[in-house]
Structure formats: structure tokens, C-alpha cells
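Notes for the structure review
These are the residues of each chain, in order.
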Amino acid sequence: MVKAIVPVFDGHNDTLLRLEMSEREGAQISFLEGNEKLNIDYPKAVEGGFAGGLFAIFVPPMKKQDSKPDFQSMVNEVEQPYALEMTNAMMARALRLAQKSEGRVRICLTSADIRQAMADKVIALMLHIEGAEAIDADFNALDVLHAAGLRSIGPVWSRSNIFGHGVPFDFPGSPDSGPGLTDLGKELVRRCGALNMLIDLSHINEKGFWDVHTVSEKPLLATHSNVHAICPSRRNLTDKQLAAIAETRGLVGLNYSVGFLRPDGDKKQIDMDLDIMVDHLAYLVEKLGEDGVGLGSDFDGTTIPQRIGSCAGNPALIERMRARDFGEELIAKIAHKNWIAMLERSGI
């Protein structure tokens, strides 16, 4: 007997950036019709049970003429006017995608919206910012973007801005890599709390993590992070951090990035066994409980295991969880229920 596809609500992807940059580079790729360059598009979503997620807006560095940004330029600071222009462009792209989709994609502002979208079998798109470079020191952009539909924000990507400092990608290493939030960063956390906006900790360094823990009254959230005890990347979470997330009834979404999964940190070995992903999930369940673990693939933003390939491959991970005796209720929680419950606990 073939089991029904389990719906997946995914805590992190970079599909909007992939669509935006492809158009700016002169290539038209269609989310609705599907394209081999996309990890998430409508045909793949239907095939793999992708029900929706937090669609990230990440601002890449400004390109110099006739050059492509290397990693070093990616970690340099990004100026606020440019970041806001790029953010507006990707938010507009999401809104237009929903309009063009004839009901197949729906912008969601609340957890109730997501539940309804899943019941209607349409893709639930909730907007998230990865790195707050678009937000000005007076927080005018924050209020406007929230009114336009933004519901989640990571104060930093893995670079510094006026709010704090990101954690580097070094392997191996500790997330304790520099100073924490600035005073503006702490105020950003307070204002997001008042707006019931999620604060994402996935790219913040350890001191910044503890600053958020001190300032925020909301559950702690890492949308796309893994276990430092299994893969000692600076980007992954220590046991002490996991304990704090559990204490606040927060959530961690499993990152599918090969370099943040493999114990050796080798980000080029895409032909990896999916049991490594289940190892991380089992560890997270042990530390956070069955209600504190979700999925946060980082589709369209990183190198993922070949055996998954795209959101159409999520059933392969589900089957591996079954093989490890996770049970159907726990699988459903990890796949989508925990994310929706987390949003509800956060007032969304």
C-alpha cells in the first residue's frame, strides 16, 4: 500500500532571490510552469507535497561592472537604500506571483491563513527577510514592510550590519565569534515582538543569540540550522543553545545544506546518505521534544543532497524517517504541524 504524500511546510528557501536574479541577468524562468534551475516551483511542489513555507528575501552584494560577487564580497556590508530596493523588488515579485497563479499560490499573513491554504491545497507563501540591511535606524521600513506582509526577519545574515553580527561559515568552529546585538539590534527585537514578527536566529553569532534570548519574550526560532554536536560548523547550534530554544518552546528547522549536515563538513559531497539528516532530526527531537523540530531546507540557496534534489524529493526524507521508526504523527509534526503551532505560539 502506497502511503499518501505528507505535506511539508518549509521554514526557509531562497526561491524569490533565484527568480529575481535570473530575470536581472536576462533569463526568464517560470515558477508556475517549472524550471530545472529551481529547487522549488509549482510542478515540483505538487509532486513532492510542498505545501508552502517562509520565502526568504536575501540581498546579495551590489555587482561591480563585469564581475561576479565572490564569497568575500558577500560578507561585506550592504547599504540600506540598495537593500530596501532589492527587498521591495522581491516582495513585489511574490505578490505578482500570487496574482498570476490563479489561486495556486497564496500570500499568508497568519497561521490561520496557512491552515486554510493547506486545506485548499494551494501553496502558502509567508514572507521573511534574511538579514535586516533593508531596515533603517528609525525603523520606518520595518513598519511599512510589516504592513505589506512581512512576518519574519533574521536580524543578520553571516555578515555585520547596524543590528548585529553574523556567524561565519568556518568549519570546524564555534558560533561564539564576536560581539552581540547592537543597541539598535535590541530595539529591532523589541519592535518585532510588538508586531508579532518572528526573529530568526539561524545566521546570528552566539552572543547575538543570547542577546535575543534576553530581550525577546517570544519563543526562540532558528529557521534553518543543524546540530553542532554532529557537524561542528559555526553555523550550527550547540547543546546550550538548543536547551534555551527548548526552554522557550521554540523551534529549529533542519537545514538540508550538505556542509551543515555532514560530520566532516564537506559541502561538495552531495551523494550522501539521508540517514545523516535523520541523525540530526533525532538529536533535535531528543533536545527539543517532538513539538520543537521542523524542516528548513534552504532550497534554491545551498547545495543539497542528491537523493533529495528539489522539493519533489521530500518524500525520500519522509521515507527515511519512517525507516527509522519516527511514526506517522511525529513525521507530520516535523513536516508541517510544528511550524504552524510555532506561528500560533508567536502570535501570528
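The shown structure was predicted, so the numbers you read here are calculated from the model rather than taken from an experiment.

Regarding unusual backbone geometry
At the junction of Phe-171 and Pro-172, the peptide bond is cis and its omega measures out at -15 degrees in the coordinates. The residue Pro-172 is located in the loop between strand 5 (150-154) and helix 7 (183-194) in this model. For Glu-102, which is not glycine, the phi dihedral falls at a positive 55 degrees. Within the secondary structure, Glu-102 is located in the loop between helix 4 (80-100) and strand 3 (105-107). Look at Asn-196: it is not a glycine, yet its phi comes out positive at around 60 degrees. By secondary structure assignment, the location of Asn-196 is in the loop between helix 7 and strand 6 (198-199). Of the residues examined, Asn-196 reaches a relative accessible area of 26% and is grouped as partly exposed.

Considering the packing of aromatic side chains
What the rule picks out here adds up to eight aromatic pairs. Centre to centre, the rings of Phe-58 and Trp-157 are 4.8 Å apart; their planes meet at 55 degrees, and the pair counts as tilted. Of this pair, Phe-58 sits in the loop between strand 2 (50-57) and helix 3 (71-74) while Trp-157 sits in the loop between strand 5 and helix 7, placing them 99 residues apart in sequence. Put simply, the rings of Phe-58, Trp-157, Phe-169 and Phe-260 touch in pairs and so form one group of aromatic residues. The ring of Tyr-42 is capped by Arg-104, whose NZ or CZ atom sits 5.2 Å from the centre of that ring. Against the face of Trp-210 rests Lys-240, its NZ or CZ located 5.4 Å from the ring centre.

The rules behind the values
- Residues numbered from 1 in each chain as written.
- Predicted model: local features only at pLDDT ≥ 70, side-chain atom pairs only at ≥ 80, totals over all residues.
- Heavy atoms only, no water.
- Helix = DSSP H or I, 4+ residues; strand = E, 2+ residues; numbered from the N terminus.
- Buried < 20%, exposed > 50% of the residue type's maximum accessible area, 1.4 Å probe, protein only.
- Phe/Tyr/Trp six-rings, centres within 6.5 Å; stacked < 30°, edge-to-face > 60°.
- Lys NZ or Arg CZ within 6 Å of the ring centre and 35° of its normal.

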